[in-house]
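Results of the structural survey
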Amino acid sequence: EFSEIVDCVFSNNTAKSSGGVWKYKPNAAGKQAPDALVVRNSLFADNDVSTGSTVGNGGAVALEASVRDLSFENCTFAQNTADGAGDALHAADGAAFTAANCLFSSGTGEELSAASADLFSHCFATTGGLLTDGVNGNVVRDAPGFVDPEGGDFRLTGGSPCVDAATELAWM
């Protein structure tokens, strides 16, 4: 079974563990999750995990260790916050996912919390943390060059370091 989430906006969500999306594969009998899930051309913006009493991870997305076959393609994660790990994305050790041509920009803390940088290809981050500039086509800079992030316009300006930095994916 294969599922897609395409051209969606997840914004202004607040939760204990994940602001925008919580993807898991339950083990309980009778509960089914898709064998593969692709999230494509979607925006995760202004999501927040600030619980006050417990630590919330993944301001936009939190992934359990049981996650398998999840892909983020051409997605933008902007201005998400978490009081725990990963302002944009937190993946528990063992989670199997990939991110290609994605932009992670929180500007406040570490955007990504995952076991390996090898899961990310041709992605942009504003904090070095997990990603290294130039490795796997990844770009690490101070700012992505959004048109008007305060006004919610996360399109890229012509001078953005992200312009022409992506790789062509099979569906393109």
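One can find the structure itself at the top, above this paragraph.
So, a few notes on the structure that sits alongside this text. (Residues numbered from 1 in each chain as written. Predicted model: local features only at pLDDT ≥ 70, side-chain atom pairs only at ≥ 80, totals over all residues. Heavy atoms only, no water.)

1. Remarks on the nonpolar core
Judged by nonpolar contacts, the single largest core of 30 residues is most densely connected at Phe44, Val61, Phe72, Phe77, Phe97, Phe104 and Phe120. Every element with two or more residues in this core is listed here: strand 4 (36-40), strand 7 (61-63), strand 8 (70-73), strand 11 (89-91) and strand 12 (97-100). Contacts of Phe44, omitting those with residues within four sequence positions, involve Phe10, Val21, Val39, Ala60, Val61, Phe72, Cys75, Thr76, Phe77, Ala78 and Asn80. In terms of nonpolar packing, the next biggest core, distinct from the first, is built from eight residues, Ala78, Phe146, Phe154 and Cys162 among them. (Core = buried A, V, L, I, M, F, W, Y, C linked by side-chain atoms within 4.5 Å. Buried < 20%, exposed > 50% of the residue type's maximum accessible area, 1.4 Å probe, protein only. Helix = DSSP H or I, 4+ residues; strand = E, 2+ residues; numbered from the N terminus. Contact = heavy atoms within 4.5 Å.)

2. With respect to the sheet that holds strand 8
The parallel open sheet is built from five strands, whose spatial order is 1-4-8-12-15. The sheet is open, and its two edges are formed by strand 1 (2-6) and strand 15 (120-121), each paired on a single side. As paired elements, strand 12 and strand 15 share two bridges and run parallel to each other. Bridge pairing in strand 15 places Ala100 opposite Ser121. (Pairing = 2+ DSSP bridges.)

3. Some details on the state of the cysteines
Within this structure, the stated rule accounts for zero disulfides. Considering cysteine sulfurs only, Cys102 is the nearest to Cys75, which forms no disulfide, with 4.7 Å between them. Judged by relative accessible area, Cys75 falls into the buried class, the value being 1%. Residue Cys102 is classed as buried on the basis of its relative accessible area of 2%. (Disulfide = S-S within 2.5 Å.)

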